[in-house]
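So you can see what is in the structure, the chains are spelled out below.
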Amino acid sequence: MKIAIATKDFTAVSGHAGQTRQWLLYDLSEHRSNRLLPPPRRIDLAKDEVLHVFEDERPHPLDGVDIVVAASAGDGFIRHMKKRGAEVL
């Protein structure tokens, strides 16, 4: 399972997921319950990779994410991420 957290400067959960450029990506595919969480990978999106403006004609750095966590997200963002296979919380 992969979890992406929208952040503001990699320190606090970001409000508008569709405009967020900094993400923390936790890859829990190899995680075991008796271990500490692995450190997240920092993803800093380019301006044209921000999900609010991104066109689906090419791969995206957040492809393969199962869950997206953000302080807020609009209906369009939620629909967009659902098409990409991710649930937004």
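Please refer to the structure higher up on the page.
Residues numbered from 1 in each chain as written. Predicted model: local features only at pLDDT ≥ 70, side-chain atom pairs only at ≥ 80, totals over all residues. Heavy atoms only, no water.

## Some remarks on the pattern of salt bridges
On inspection of all chains with the given rule, the structure shows two salt bridges. For the salt bridge of Arg58 with Asp48, the shortest nitrogen-to-oxygen distance reads 2.9 Å. Here the residue Arg58 occupies a position in the loop between strand 4 (41–44) and strand 5 (67–69), and Asp48 occupies one in the loop between strand 4 and strand 5, the gap between them amounting to ten residues. (Salt bridge = Lys/Arg side-chain N within 4 Å of Asp/Glu carboxyl O. Helix = DSSP H or I, 4+ residues; strand = E, 2+ residues; numbered from the N terminus.)

## Structural notes on the environment of Pro61
Summarising the element assignment, Pro61 is placed in the loop between strand 4 and strand 5. Looking at Pro61, the relative accessible area reads 29%, which means it is partly exposed. Sequence separation between Pro61 and Gly76 is 15 residues; the distance between their C-alpha atoms is 19 Å. Not counting residues up to four positions away in its chain, the partners in contact with Pro61 are Arg41, Ile43, Leu45 and Glu49. (Buried < 20%, exposed > 50% of the residue type's maximum accessible area, 1.4 Å probe, protein only. Contact = heavy atoms within 4.5 Å.)

## Structural notes on the nonpolar core
Grouped together as the largest cluster of nonpolar side chains are 16 residues, with contacts concentrated most on Trp23, Leu62, Val68, Phe77 and Met81. When contributions to this core are tallied by element, the ones reaching two or more residues are strand 1 (2–8), strand 3 (22–27) and helix 1 (75–83). Beyond its immediate chain neighbours, meaning those up to four positions away, Val68 contacts Ala4, Trp23, Phe77, Met81, Ala86, Glu87, Val88 and Leu89. Core analysis: the next-biggest nonpolar cluster, separate from the first, contains six residues, Ile3, Ile5, Phe10 and Ile67 among them. (Core = buried A, V, L, I, M, F, W, Y, C linked by side-chain atoms within 4.5 Å.)

## With respect to the pairing of strand 1
Burial of strand 1 is extensive: five of the seven residues sit out of reach of the surface. Here six bridges tie strand 1 to strand 3, and the two strands are oriented antiparallel to one another. Looking across to strand 3, one finds that Lys2 is bridged to Asp27. Alignment of strand 1 against strand 5, held across three bridges, turns out to be parallel. Bridged to Ile5 within strand 5 is Val69. One ladder, built from two bridges, connects strand 1 with strand 2 (residues 12–13); its direction is antiparallel. Looking at strand 2, one finds that Thr7 is bridged to Val13. If you look at the hairpin formed by strand 1 and strand 2, you'll find three residues sitting between the two strands, and Asp9 has a positive phi there, around 60°. (Pairing = 2+ DSSP bridges.)

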